[in-house]
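Examination of the molecular architecture
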Amino acid sequence: MVVKNCSSKTYFTKNRLITVWLIIFLFGSMSLLAGCSTKVDIKTLIKSRLSGDNEMNAAVTVVDNFFKFLIAGNTDKAYSLISSKDKKSHNPDDFKKELKNVTEIVEIEINWVEVKNNIANVGIDLTDNYDDEEKVYKDLIVSLVKEEDGNWKINFWD
């Protein structure tokens, strides 16, 4: 039978090692638990990002439809996409008078969109035709407001 001599130094070193591993384990466990709340925050962030994308897409659709109606000459449908605030101060005849001196819009290209709460800005390039010559207006900003019913409408006069 062999008896090993366990010195107090070896015993102390083993206890220190076990204590260090225990501390590492505890901190590791706490970081995993903290990771759970981080995952919830990431999930919330992704969800808000996706809803933000939906808002951006909705604003872009309104701008695109507005100019499609103008290009097609359908001013009544274009007027329907104007904010209720603008409609209170201007009627459809005012809208048509405003567009009377506008040159022929050929196309628009949507470059970017930014949504902050209930305001959206859409950056476009607009190509028009005047005297059989096309001209491109770059970096125009179309402003929209989110109405109480949740729909985006164009700030035409403001």
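Rules behind the numbers
- Every chain is numbered independently, its residues counted from 1 as its sequence is written.
- Given that this is a predicted model, residues contribute local features only at a pLDDT of at least 70 and side-chain atom pairs are listed and counted only at 80 or more, while totals for whole chains, interfaces and linings are drawn from all residues.
- Note: side-chain values were computed over all heavy atoms of the structure, leaving out hydrogens and water.
- The secondary structure listing takes helices from DSSP runs of H or I that are at least 4 residues long and strands from runs of E that are at least 2 residues long, numbered from the N terminus.
- Contacts are assigned to residue pairs that have any heavy atoms within 4.5 Å of one another.
- Two strands form a pair only when DSSP identifies at least two bridges running between them.
- Structural elements are reduced to axes, namely lines fitted to C-alpha atoms, with helices fitted over the stretch in contact, and the angle between N-to-C directions of any two is expressed from 0 to 180 degrees.
- Burial here depends on accessible area, computed with a 1.4 Å probe over protein chains only, as a share of the maximum for the residue type. Under 20% is buried, over 50% is exposed, and the range in between is partly exposed.
- When two rings of Phe, Tyr or Trp (its six-membered ring) have centres within 6.5 Å they constitute a pair, described as stacked for plane angles under 30 degrees, edge-to-face for angles over 60, and tilted for the intermediate range.
- Charged residues are defined narrowly, with Lys and Arg counted positive, Asp and Glu counted negative, and His plus the chain ends left uncounted.
- Note on definitions: salt bridges are taken to be side-chain nitrogens of Lys or Arg within 4 Å of carboxyl oxygens of Asp or Glu.
- The definition of a polar contact used here is a pair of N or O atoms within 3.5 Å, where within protein one atom must be able to donate a hydrogen and the other to accept one, and adjacent residues in sequence count solely through side-chain atom pairs.
- The residues that make up patches have over 30% relative accessible area and no salt bridge, and they are joined within 9 Å when like-charged or within 5 Å when they are Val, Leu, Ile, Met, Phe, Trp or Tyr.
- Only the protein chains shown count as covering a residue, and every accessible area follows the Shrake-Rupley method with a 1.4 Å probe.

On to the environment of Lys 87. Relative to the helices and strands, Lys 87 is located in helix H3 (residues 84-89). The sequence separation of Lys 87 and Trp 157 amounts to 70 residues, and the corresponding C-alpha distance is 9.6 Å. When sequence neighbours within four positions are dropped, the list of residues in contact with Lys 87 reads Tyr 79, Ser 80 and Ile 82.

A few words on the sheet that holds strand S3 (residues 133-146). Read from one edge to the other, the open sheet built from four strands follows the order S1-S2-S3-S4, with strand pairing classed as antiparallel. Since the sheet does not close on itself, it has two edges, and those belong to strand S1 (104-116) and strand S4 (152-154), each with one partner. Looking at each pair of strands side by side, their axes are set apart by 30° on average, direction ignored.

Its place among the elements puts Glu 55 in helix H1 (residues 8-72). Between the C-alpha atom of Glu 55 and that of Gly 150, which follows or precedes it by 95 residues, the distance is 9.8 Å. What Glu 55 contacts, discounting residues up to four positions off in sequence, is Val 115, Lys 146 and Trp 152.

Its place among the elements puts Thr 127 in strand S2 (residues 119-130). Residue Thr 127 is classed as buried on the basis of its relative accessible area, which comes to 9%. Apart from the residues lying within four places of it in its own chain, the contact partners of Thr 127 are Glu 104, Ile 105, Val 106, Glu 107, Glu 134, Lys 135 and Val 136.

Before going further, it helps to examine the packing of aromatic side chains. With the rule as written, the count across this model stands at seven aromatic pairs. With a centroid separation of 5.3 Å and an interplanar angle of 90°, the aromatic rings of Phe 66 and Phe 67 are classed as edge-to-face. In this structure Phe 66 comes out as buried when scored by relative accessible area, which is 3%. Here Phe 156 and Trp 157 contribute two aromatic rings whose centre-to-centre distance is 4.7 Å and whose plane-to-plane angle is 80°, an arrangement assigned as edge-to-face. With relative accessibility at 22%, the residue Trp 157 sits in the partly exposed group.

Turning to the side chain of Asp 86, a few remarks are in order. Its place among the elements puts Asp 86 in helix H3. Buried and unpaired, Asp 86 has Lys 85 as its nearest opposite-charge partner, separated by 6.6 Å. Here Phe 156 takes part through its backbone nitrogen, which lies 2.6 Å from a polar atom of the side chain of Asp 86.

So, about a nonpolar patch on the surface. A contiguous nonpolar surface patch, about 420 Å² in accessible area, is contributed by Leu 17, Val 20, Trp 21 and Ile 24. Among the secondary structure elements, Val 20 is positioned in helix H1.

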